[in-house]
Amino acid sequence: MITEVLTANQLKKEAPVFGQLSFNDHEQVVFCQDKDTGLKAIIGVHNTILGPALGGTRMYNYQTEWDALNDVLRLSRGMTYKAAITGLNLGGGKAVIIGDPKTVKTPALMRRFGEFVHTLGGKYYTAEDVGMETSDMDTVREVTPYVTGISEEKGGAGNPSPVTAYGVYMGMKASAKFAYGTDNLEGKKILVQGIGHVGEELVRLTAEEGANVIIADINQERLEQVSAAYGVDIYRGQDLYAEEADIYAPCALGATINNDTIDKLKVKVIAGAANNQLATENIHGPLLQERGIVYAPDFLINAGGIINVYAEIEGYGREQIKSKTENIYNTTLDILNKAKATGMTTNAAAMSIAEERIASKKNSK
Ligand code: NAD
């Protein structure tokens, strides 16, 4: 049913579609709808030069469908850079499902979503992201082989989040080494924003090293649980961004480094798991650089999850997953040093290396 017909003027304003929102040379965007299950999903395939597009499915109660489209465009592009910088033969893709996972998600909806993934014939592989569980990937696996992150009992590599957290920890340590001359996090005050699948494990790793970890989340129950489990403090102030600390680890949603927050930040290092932390890369990257804040590019240090799920496609085991994830430490230091030497932002330095890899594969084809 068409609920709104755009006027000619509005159409002119909206067109062209490919120039809107975060479209950035995306190869394919697929809108999926199923009335019976209530599924409304968008699959974004950004780039497949290095290999099939791989990226998780995020289920979120977006305020508008435009927000969902914008998110999938941004996230799928980020996956292209993540796979390229990590040296994996994968392209970038991502999917979003619109709706609150707590109330809308059912096995039937997940199966229907899997059928849409299947129609792409392996051009896009899905995995879990915010709002998804390993069991959901098992459900998707019932209807398509183009899914990763399935449970170990079903022959998969299992939950990628602990590996993601380990990679973020490696990137954080490398950033600390660059900023403070030592990668020892003992005594460092670390603000972890978002203590979900990844954030909790990062809390464990950093607290075990003796860091002074402060946690923030919108879920009060989880705050109490995680605080009790690892003996860390809950943030009780009014404005986390203005808190004096050594390291800020964004592990909730993206775009938290934006016009409203950037001037308040008092940390020396930003290293966290969230995708797309910079609201606008070419504005907020340089602003962080001007302020002398060391920013560990998100797509570089949160690649542990993709390394883990890629194991299912390539057939490598735990040892290799661990060593590839540990290598995030070296890559992060290399990129921070490259940025310092060239005057580029850390984000741009990482992106340029990823782009060189994609261009060289394209030219060799
Ligand atoms: P999750 O859904 O398990 O956890 C997110 C947490 O953030 C939840 O506890 C939620 O309550 C909290 N949160 C949401 N909005 C918040 C806000 N405004 N302030 C504070 N807390 C808030 O997700 P996850 O799997 O832990 O992923 C966290 C981030 O890392 C996401 O941005 C995700 O895209 C990214 N990431 C995850 C993986 C992975 O392997 N899971 C891999 C790469 C990147």
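None of the values given here were measured: they were computed from a predicted structure.

**Observations regarding the site of the ligand**
If you check the shell around the ligand, you find 21 residues, and the closest are Arg 58, Thr 164, His 197, Asp 217 and Ala 252. Note that an oxygen atom of the ligand is positioned 2.8 Å from one of the side-chain N or O atoms of Arg 58. The backbone of Ala 252 places a nitrogen or oxygen atom 2.6 Å from an oxygen atom of the ligand. In the complex, 82% of the free accessible area of the ligand, which totals 820 Å², lies under the protein chains. Elements represented by at least two residues in the shell around the ligand include exactly helix H6 (161-180) and helix H7 (197-208). Across the shell around the ligand, the residue classes break down as nine nonpolar, eight polar and four charged.

**Section: the pattern of salt bridges**
Scanning all chains against the criterion turns up 16 salt bridges. Salt-bridge contacts for Glu 142 lead to Arg 111; the nearest nitrogen and oxygen are separated by 3.0 Å. Taken as a pair, Glu 142 in the loop between helix H5 (134-141) and H6 and Arg 111 in helix H4 (residues 107-119) lie far apart in primary sequence, 31 residues in all. Exposure remark for Glu 142: the relative accessible area of 53% places this residue in the exposed category. Judged by relative accessible area, which is 31%, Arg 111 ranks as partly exposed.

**Details of the sheet that holds strand S7 (residues 189-193)**
The strand order across the open sheet built from six strands is S9-S8-S7-S10-S11-S12, with neighbouring strands paired in parallel fashion. Single-partner strands in this sheet number two, and they are strand S9 (233-234) and strand S12 (294-295). Summarising the sheet, strand S10 (residues 247-250) and strand S11 (residues 269-270) pair through two bridges and their orientation is parallel. When the bridges of S11 are listed, Ile 247 appears paired with Val 269. Contacting strand S8 (212-216) and S9, helix H8 (residues 220-230) crosses the sheet at an angle of about 165° to S8.

**Details of H4**
With 13 residues, H4 extends 19 Å between its outermost C-alpha atoms, agreeing within 8% with the 18 Å of an ideal straight helix rising 1.5 Å per residue. Of the positions making up H4, those classed as buried are Leu 109, Met 110, Phe 113, Gly 114, Phe 116 and Val 117. The arc enclosing the buried residues of H4, seen along the axis, measures out at 155°, which places them on a common side. Residues Pro 107 and Thr 119 are exposed on H4 and point more than 90 degrees away from its buried face. Directly beyond the C-terminal end of H4, a positive phi value near 60° is found at Gly 121.

What counts, and at which threshold
Residues numbered from 1 in each chain as written. Predicted model: local features only at pLDDT ≥ 70, side-chain atom pairs only at ≥ 80, totals over all residues. Heavy atoms only, no water. Near = heavy atom within 4 Å. Polar contact = N/O pair within 3.5 Å; in protein donor to acceptor, adjacent residues only side chain to side chain. Areas by Shrake-Rupley, 256 points an atom, 1.4 Å probe, with all protein chains shown as cover. Helix = DSSP H or I, 4+ residues; strand = E, 2+ residues; numbered from the N terminus. Nonpolar A, V, L, I, M, F, W, Y, C, P; charged D, E, K, R; others polar. Salt bridge = Lys/Arg side-chain N within 4 Å of Asp/Glu carboxyl O. Buried < 20%, exposed > 50% of the residue type's maximum accessible area, 1.4 Å probe, protein only. Pairing = 2+ DSSP bridges. Contact = heavy atoms within 4.5 Å. Axes fitted to C-alpha atoms, helices over the stretch in contact; angles between N-to-C directions. Expected span 1.5 Å × (residues − 1). Arc of directions from axis to C-beta.

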